[in-house]
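# Summary of the model geometry
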Amino acid sequence: MSEIDPTRLTVCLGELKGSGFDVDEFLCEKHGVYAELPSFRHITFILSIGTSEEDVERLVSGFESVASHFRRPEGDQGLNVSSLVPQTPAFGEPVISARDAFFKLKEQVALDDSVGRICASPVCPYPPGIPVLLPGEKISAECVDYLKMVLDVGGSVTGAQGDIISCLVLEDMGKA
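Being a predicted model, the structure only gives us computed values, none of them experimental.

The rules behind each value
Residues numbered from 1 in each chain as written. Predicted model: local features only at pLDDT ≥ 70, side-chain atom pairs only at ≥ 80, totals over all residues. Heavy atoms only, no water. Helix = DSSP H or I, 4+ residues; strand = E, 2+ residues; numbered from the N terminus. Buried < 20%, exposed > 50% of the residue type's maximum accessible area, 1.4 Å probe, protein only. Contact = heavy atoms within 4.5 Å. Areas by Shrake-Rupley, 256 points an atom, 1.4 Å probe, with all protein chains shown as cover. Pairing = 2+ DSSP bridges. Axes fitted to C-alpha atoms, helices over the stretch in contact; angles between N-to-C directions. Core = buried A, V, L, I, M, F, W, Y, C linked by side-chain atoms within 4.5 Å. Salt bridge = Lys/Arg side-chain N within 4 Å of Asp/Glu carboxyl O. Parallel < 35°, antiparallel > 145°, perpendicular 65-115°, else oblique. Left-handed = near helix turned anticlockwise from the far one by under 90°. Nonpolar A, V, L, I, M, F, W, Y, C, P; charged D, E, K, R; others polar.

## Observations concerning the overall build of the protein
The number of helices and strands found in the protein is five helices and ten strands. Split into buried and exposed, the 176 residues of the protein put 36% on the buried side. Pairs at least 24 residues apart make up 68% of the contacts formed inside the protein by residues separated by at least 6 positions. Here the protein has roughly 10300 Å² of accessible surface; of this, 56% comes from carbon and sulfur atoms.

Spelled out as structure tokens, the structure:
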């Protein structure tokens, strides 16, 4: 990938057990190595003019530990990647315009209680970094399941505070 961006080092974790989020946590806690971008099956680091030889030695040492700590037992087929990376849910059903949603009253609602409600702000899980809900869209059970899975494997969701998202206040829905 150096022909794309020589400052990035992306490591595929396909032969190891655990996700990129698991490896990132391990490297942070045990070796003081911080990734720029963990994902389901990859982890990316930035190497720049500010990266010292000691930093690179810590990264190499960390991955030596990762190789033994996350080694799959003999005969283990490894992670079922398709179970880690679900299909992105279908686009939400627009109920009101994003502009109208912006001006409505909002409340914080647990993901499990948000099915059927109207989303009040963009909700964007990483990975993959693509919004799955936009203001004014009806929240589906499929979308909630997807967001919970992303959170469960260590991903993050912009537009949510943990498993809480912003929905429109139901009583305000009838007001123009």
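## Comments concerning the sheet that holds strand 10 (residues 164–168)
One open sheet accounts for three strands, arranged 5-10-9; its pairing is antiparallel. The open sheet has two edge strands, strand 5 (106–110) and strand 9 (160–161), and neither has a second partner. Judged from the five bridges that link them, strand 5 and strand 10 form a sheet pairing that is antiparallel. Counterpart to V109 in the pairing with strand 10 is I165.

## Side note on the sheet that holds strand 3 (residues 42–46)
Pairing between sheet strands relies on hydrogen bonds along the backbone, with the strands arranged either parallel or antiparallel. Taken in spatial order, the three strands of this open sheet run 1-3-2, and their pairing is antiparallel. This sheet does not close on itself; its edge strands, each paired only once, are strand 1 (8–12) and strand 2 (37–38). Inspection of the sheet shows strand 2 paired to strand 3 by two bridges, in the antiparallel sense. Residue pairing across strands places L37 opposite T44, the latter belonging to strand 3. Across the sheet, helix 1 (residues 20–31) is in contact with strand 2 and strand 3; its angle to strand 3 comes to roughly 45°.

## Observations regarding the nonpolar core
General note: in soluble globular proteins, nonpolar side chains tend to be found buried as a group. Membership of the largest hydrophobic core comes to 20 residues, with the highest contact counts inside it found for V123, V132, L133, I139, L147, V157 and I165. Sorting the residues of this core by element identifies helix 5 (141–152) and strand 10 as the ones contributing at least two each. The element contributing the most residues to this core is helix 5, with six residues. If we skip the residues at most four places from it in the chain, I165 touches E107, Q108, V109, L111, S114, L133, I139, G159 and A160. Counting residues in each nonpolar core, the second largest holds 13 residues, with L13, V23, V33 and A35 among its members.

## Remarks on the pattern of salt bridges
Applying the stated criterion across every chain yields a total of six salt bridges. Where K148 meets D112, a salt bridge forms, and the shortest distance between an N and an O atom there is 2.6 Å. You can see K148 sitting in helix 5 and its partner D112 sitting in the loop between strand 5 and strand 6 (124–126), a full 36 residues away along the chain. By relative accessible area, K148 is classed as partly exposed at 29%. Judged by its relative accessible area of 52%, D112 is exposed. Overlapping salt bridges bring together D5, R8 and E36 as one network.

## Things to note about the environment of F63
Note that F63 resides in helix 2 (residues 53–69). Residue classification places F63 among the buried positions, given a relative accessible area of 19%. In this structure, the C-alpha to C-alpha distance between F63 and F26, residues 37 residues apart in sequence, is 9.9 Å.

## Examining the packing of helix 1 against helix 2
For the pair helix 1 and helix 2, the least separation of the axes is 10 Å and the interaxial angle reads 120°. With respect to helix 2, the element helix 1 is oriented oblique. Crossing angle aside, the handedness with which helix 1 passes helix 2 is right-handed. Every residue of helix 2 that contacts helix 1 at V23, F26, L27 and H31 is listed here: R58, S61, G62, F63, S65, V66 and H69. Residues of the contact of helix 1 with helix 2, tallied by class, amount to five nonpolar, five polar and one charged.

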